[in-house]
Amino acid sequence: MYKLLLVDDEEEVRQGIVKKIEWEKYGFELVGEAENGREALEIAEKVMPDVVITDIKMPFMDGIKLSQELRKSIPTTKIVILTGFDEFEYAQKAINLRVIEYALKPISSDELIDILLRLKTQLDEEISEKENTELLRAHYTKSLPILKEKFFSSLITNSLEKDEIYEKCKNYDIKLAGNFFTVAVISIDDSILKGKHRYKFGEEAELIIYAVLNVVTEIGFMHDIHNIFIHNDRIVLIISAEEEKAETVIREMLSILEEIRQSIEKYLMLEVTIGLGTMETDTSMISNSWVNAMAALDYRLILGSNRIIWIEDIEPGSKDKIIFDKNMEHEMESSIKVGTEVEVSETIDRMFDKLTDTKASFKDYQIYLLEMLTAILKAAQSSNVDLASIFGRDYNIFVELYSFNDLKHVKTWLKEISLKIMSHIMKDRKDTCELLIEKAKDYIHRNYSDSELNINDLCNHLHISQTYFSLLFKKETKMTFINYLTSIRMDEAKQLLKTTDMKTFEVARKVGYSEPNYFSYSFKRYLGMSPSEYRSGKTS
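None of the values given here were measured: they were computed from a predicted structure.

Undergrad: Would you mind showing me how to read the overall build of the chain here?
TA: When its secondary structure is counted, the chain shows 26 helices and ten strands. Counting all 540 residues of the chain, 47% fall into the buried class. Here the chain displays about 28,000 Å² of accessible surface, and carbon together with sulfur accounts for 49% of that area.

This is the structure in structure tokens:
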């Protein structure tokens, strides 16, 4: 059953459409109604409709603007324009917005049913295509030549020379040119790959991975991203961009990755987490972006899964790390940054087990322990931990390492250091989050009267991405940005209505509404009464 949202500012028209169609008979469920574009957008973001039928001429936000916003936030939604405007300019705008159908009112039941049947056929075909296992196998065989796969894997796991990269790209007809390069890693929930998820066409992990690859490749090609492959059961995208500004590239990449995440969830009913690495300016540093994309995935333990995690949101300034032993250093850093005390202790135990099980010279033991200590200190450095505040300014940690006489005491000492650093990271992260939220609230309180205030302005002011801010703000305040802004505006409006003689339109402008009618509409939705009713009730 596909979800459908109906939008028209005339209730009589809406009800006429609702009553004339047996929705379930044709494979649709009416999940909501709205009387203007703004209200429709709020409902759409909650119910994620497959189809939106909308009028054009409506107050506050018309159907064309609604279609534009839906294309940004829910790009897979099918849009039907239903209007009385028989004008070319509207039809042209609808075509540009990839509107599926454009029909004139009044529309008969038969006409609307024909549209619904066409939409259902298209939706069925899209889902069927993505579930066709034979097609997935054929697509896999054609899209992943062995040589390209080996080269891509080598590109992210090794530091290749620029000349070698250029030669391989030329030989394999790979497009990898631009001003910026970054790596995104798509990870499917582990429980799915281990067979704990009831999947439509079987529980074979390989088929699930290639189903995801199929969706990612389709959307990637639409946005001129062609370097997509599988590495260690994860989907990897190596992205190059010709843009001049890194900020523009990141904004576009986050939007494309969100489209990918939503499509996988919708068509395959799978949850994935996407790690986005650092932005590099040289192809030889693509491996560094890969390391950081993998590090971003570790933060699922803190931020949750089924989302995009950009490493520079979590670890600003984490570029240009020197990797000496990628696997062991990654394990050590992950345990300190996002693990528990038990995990830190177990990680160090495993590393010492490897040390004691190996027969090596004393010099080799020293080098191994020095590498362990360096990994711990790099975890602190990348998280901006002040080591002097933990150990004192005169404390020489490397001298201390060489002062021990047995491995047991060294292991205990390394655990103590790791747990102290871990404690500071957790405290700093909590303090940073709280400070960020306070700055956001302060900015909203100082600017709520600006009718143009939006989340993009706020995130630019805070130098943070919208995805990460929305997650953080909702987690800390239990409210979305829009809900919080509305509550501030309504509280101020109530105060002005209660204590001044300002007219309603003056109050509206004072609290950030350029349209008095929309202020009255929003006020009534928020409090259940109009501004005049509220003022009358307070003065009686």
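That was the structure; now back to the text.
Undergrad: Just checking my understanding: could you explain the sheet that holds strand E6 (residues 180–188) for this structure?
TA: Sheet strands pair by backbone hydrogen bonding; their relative direction is either parallel or antiparallel. Strand order in the open sheet made by the five strands is E7-E8-E6-E9-E10, with mixed pairing throughout. Single-partner strands in this sheet number two, and they are strand E7 (228–231) and strand E10 (308–310). For this sheet the average axis-to-axis angle between neighbouring strands, irrespective of direction, equals 25°. Note: strand E9 (residues 272–276) against E10, three bridges, orientation parallel. Bridging across to E10, Gly 275 finds its partner in Ile 309. Contacts between helix H7 (residues 146–157) and the sheet are confined to E7 and strand E8 (234–241), with E7 contributing the most and set at about 75° to the helix. Relative to E6, helix H12 (residues 286–298) is tilted by about 35°, and along the sheet it contacts E6, E7, E8, E9 and E10.

Undergrad: Looking at this model, I keep getting lost on the packing of aromatic side chains. Mind explaining?
TA: A ring pair, where both rings are aromatic, is described by two values, the distance of the centres and the angle of the planes. Scanning all chains against the criterion turns up twelve aromatic pairs. Taken together, a centroid distance of 4.9 Å and an interplanar angle of 15° make the contact between Phe 152 and Phe 229 stacked. Of this pair, Phe 152 sits in helix H7 while Phe 229 sits in strand E7, and the two are 77 residues apart along the sequence. Both rings, one in Phe 519 and one in Phe 523, keep their centres 5.8 Å apart while their planes meet at 55°; by these two values the pair is tilted.

Undergrad: Explanation requested: the UniProt feature "modified residue: 4-aspartylphosphate" (unreviewed entry) in the chain in the structure shown.
TA: Feature annotation in UniProt assigns "modified residue: 4-aspartylphosphate" (unreviewed entry) to the following positions: Asp 55. Its place among the elements puts Asp 55 in the loop between strand E3 (51–54) and helix H3 (63–73). Here Asp 55 falls in the buried class, since its relative accessible area comes to 4%. The contacts of Asp 55, once residues within four sequence positions are left out, are Val 7, Asp 8, Asp 9, Gly 63, Leu 82, Thr 83 and Lys 105.

Undergrad: Would you explain the sheet that holds strand E5 (residues 101–104) in this entry?
TA: In space, the five strands of this open sheet follow the order E2-E1-E3-E4-E5, with parallel pairing throughout. The outermost strands of the open sheet, each flanked by one partner alone, are strand E2 (28–34) and E5. Taking the axes of each pair of neighbouring strands and ignoring which way they run, one obtains an average angle of 20° across the sheet. Across four bridges, the pairing between E3 and strand E4 (residues 78–83) is parallel.

Undergrad: Please clarify how the nonpolar core should be interpreted in this entry.
TA: Considering soluble globular proteins, one finds that nonpolar side chains tend to be buried as a cluster. Counting 76 residues, the largest nonpolar core has Val 216, Ile 235, Leu 237, Ile 260, Ile 264 and Phe 469 as its most contacted members. A domain-level breakdown of this core finds at least three residues from each of domain 2 (158–313) and domain 4 (448–536). With sequence-adjacent residues up to four places away left out, Leu 237 is seen in contact with Thr 182, Val 183, Ala 184, Ile 186, Val 216, Ile 225, Asn 227, Ile 228 and Ile 260.

Undergrad: Whenever I open this one, the side chain of Lys 337 confuses me. Can you help?
TA: Within the fold, Lys 337 resides in helix H15 (residues 326–338). Since its relative accessible area comes to 6%, Lys 337 is described here as buried. A distance of 2.8 Å separates polar atoms of two side chains, one belonging to Lys 337 and the other to Ser 382.

Undergrad: Help me out: how do you make sense of empty space enclosed by the protein in this one?
TA: Where empty space is left in the structure can be found by rolling a water-sized probe over the atoms. According to the stated counting rule, one finds two cavities of 30 Å³ or more in the structure shown. A volume near 30 Å³ is recorded for the second largest cavity. As for the second largest cavity, its lining consists of Leu 254, Ile 308, Trp 310, Asp 313, Ser 465, Thr 467 and Tyr 468. Elements supplying a minimum of two residues to the lining of the second largest cavity: E10 and helix H22 (466–477). Residue composition of the lining of the second largest cavity, by class: four nonpolar, two polar and one charged. Each of domain 2 (158–313) and domain 4 (448–536) gives at least three residues to the lining of the second largest cavity.

Cut-offs and rules
- Residues numbered from 1 in each chain as written.
- Predicted model: local features only at pLDDT ≥ 70, side-chain atom pairs only at ≥ 80, totals over all residues.
- Heavy atoms only, no water.
- Helix = DSSP H or I, 4+ residues; strand = E, 2+ residues; numbered from the N terminus.
- Buried < 20%, exposed > 50% of the residue type's maximum accessible area, 1.4 Å probe, protein only.
- Areas by Shrake-Rupley, 256 points an atom, 1.4 Å probe, with all protein chains shown as cover.
- Pairing = 2+ DSSP bridges.
- Axes fitted to C-alpha atoms, helices over the stretch in contact; angles between N-to-C directions.
- Contact = heavy atoms within 4.5 Å.
- Phe/Tyr/Trp six-rings, centres within 6.5 Å; stacked < 30°, edge-to-face > 60°.
- UniProt positions renumbered as here; feature names shortened; annotations may be inferred.
- Core = buried A, V, L, I, M, F, W, Y, C linked by side-chain atoms within 4.5 Å.
- Domains from an automatic or database assignment.
- Polar contact = N/O pair within 3.5 Å; in protein donor to acceptor, adjacent residues only side chain to side chain.
- 1 Å grid on protein atoms, 1.4 Å probe; cavity = no way out; pocket = protein on both sides within 12 Å on 5 of 7 lines; lining within 4 Å.
- Points joined across faces, edges and corners; volume = space filled by probe spheres on them.
- Nonpolar A, V, L, I, M, F, W, Y, C, P; charged D, E, K, R; others polar.

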